[in-house]
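These are the residues of each chain, in order.
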Amino acid sequence: MENWESYVRKVVPYVPGEQPDEKRMIKLNTNENPYPPAPGVLRALRESDADRLRLYPEPDCGTLVRAIADYYGLDASCVFAGVGSDDVLAMIFLTFFRSEKPVLFPDITYSFYDVWADMLRVPYEVRALDADFKIRKEDYCGECGGVIFPNPNAPTGILMELADIEDIVSRNRDVIVVVDEAYIDFGGVSALPLIRKYENLLVVQTFSKSRSLAGMRIGYAMGAPKLIRYLNDVKYSFNSYTLSQPALALGVEAIRDKAYFRETTEKIIAVREWAKGELKKLGFSFGDSMSNFIFVKHRSVPAEDIFEALKKEHIYVRHFSGERIRNYLRITVGTREEMETLTVFLRGYLESRERIVGEKEKEL
Ligand code: PMP
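How each quantity is defined
- Starting from 1, residues in each chain are numbered consecutively following that chain's sequence as written.
- Since the coordinates come from a predicted model, pLDDT governs what is reported: local features require at least 70, and pairs of side-chain atoms require 80 or more to be given and counted, while whole-chain, interface and lining totals use all residues.
- Working from all heavy atoms in the structure, the side-chain values ignore hydrogens and water.
- A fitted line through C-alpha atoms serves as each axis, taken over the contacting stretch for helices, and the angle formed by two N-to-C directions is quoted from 0 to 180°.
- Numbering of helices and strands runs from the N terminus; a helix is a DSSP stretch of H or I covering at least four residues, while a strand is a stretch of E covering at least two.
- When describing relative orientation, an angle under 35 degrees is termed roughly parallel and one over 145 degrees roughly antiparallel, while 65 to 115 degrees is termed roughly perpendicular and anything else oblique.
- Here, residues are in contact when the closest pair of their heavy atoms is within 4.5 Å.
- Classification used: nonpolar for Ala, Val, Leu, Ile, Met, Phe, Trp, Tyr, Cys and Pro, charged for Asp, Glu, Lys and Arg, polar for all others including Gly.
- Only protein chains enter the accessibility calculation, which uses a 1.4 Å probe; a residue whose area is less than 20% of its type maximum is buried, one above 50% is exposed, and one in between is partly exposed.
- We call a set of buried residues a nonpolar core when its members are Ala, Val, Leu, Ile, Met, Phe, Trp, Tyr or Cys and they connect through side-chain atoms within 4.5 Å of each other.
- How far each domain reaches was decided by an automatic or database domain assignment.

With that settled, consider the packing of helix H3 (residues 84-96) against helix H6 (residues 225-236). Where H3 meets H6, the axes come as close as 9 Å, and the angle between the chain directions of the two elements is 100°. Taken together, H3 and H6 sit at an angle that is classed as roughly perpendicular. Contact with H3, carried on its side by Met91, Ile92, Leu94, Thr95 and Phe96, involves Leu227, Tyr230, Leu231, Val234 and Lys235 of H6 and no other residues of that element. Taken together, the residues that form the contact of H3 with H6 break down as eight nonpolar, one polar and one charged.

With that settled, the discussion passes to the side chain of Thr335. Tracing the backbone through its elements, the reader meets Thr335 in the loop between strand E13 (329-332) and helix H10 (336-363). Residue Thr335 is classed as buried on the basis of its relative accessible area, which comes to 14%. Ignoring anything within four residues of it in the chain, the contact list for Thr335 reads Pro34, Tyr35 and Val271.

Our next topic: the nonpolar core. Counting residues in hydrophobic clusters, the biggest one holds 86 residues, and the most contacted among them are Leu64, Phe149, Phe207, Phe284, Ile306 and Leu346. Among the elements that take part in this core, helix H7 (residues 245-256) stands out by supplying six residues, more than any other. Counting only domains with at least three residues in this core, you end up with domain 1 (20-34 + 259-363) and domain 2 (39-256). When sequence neighbours within four positions are dropped, the list of residues in contact with Phe149 reads Pro106, Tyr113, Ile135, Met160, Ile165, Ile168, Val177, Val178, Val179 and Asp180. With 28 residues, the next largest nonpolar core counts Tyr113, Ala117, Ala221 and Leu227 among its residues.

Structure (structure tokens):
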């Protein structure tokens, strides 16, 4: 190895879900929204003024920050915006997780947390979910350098009660607790009201899922003004112009349209509940997802086989290799039609697989 290589920051990167470029596919692998963005977003996109792209965007993301603050009835000083919640979360790790004590998060969770921690040399410890894949709040109440978990958790989809979250926040007043609410709009109860009571709480949300704007990359954190000031200081020390001018303009349109938001999230919840019934009939088991995906395990056919069979049909779902979850698939909730195509294919595939296994068993 040449000497320069010993000074390189070597990291094991996060592996994002595939973004295949196929005309005819059913894409249920990265928890995107199957419906288009709100009509106002499409209008603003059509009417956008390309000449404005000569100029840098607002460094403080002010118009979008104010629109988000208005939506939640907050002061703008309580909102920080970034390039997707990945950017916001990375800034949070950089700003607040500076203790020598370990930051705590679940063993089965968003697989970016340990990547940021490793890259930024943040010490961390994982806490095992219980046998039903639930977060045990008692595990987050000792001395530590911070706490972060998604609610609902990913990839399990399981929601934690607000009272349990408040317990974690109130028992960790010396460190920052981050609740990553990427999937909260699909039936969960947000921890947002707690930010008025607890200065050590940050609630992070995104436009990528419930607002159909994954391609625009918009995320935000909400918390006490002091936390937001610290976050902005780090952001301005890193990259001052984060969100692009189109992202700011389209984000404002997306958050203003409450009726469209309600309609599309309700549709996704209804399809999810229907799909749960179908998947159960097909021999899958799963926790009670309150997100826009279902984390399933089949009674007899290995997840990897199902994953490959679906891929051949141009149906993409997500498979993770972690030890406790390698026999699970995470299936994003698509439209009713997409989910019908999925379940029809699975019915045929699983019946033939189980028949073959049954016949082999008889032969033995
Ligand atoms: N948190 C969780 C739990 C997620 O699953 C995701 C999506 N990959 C994100 C944050 C990041 O989403 P985005 O950067 O698109 O806002």
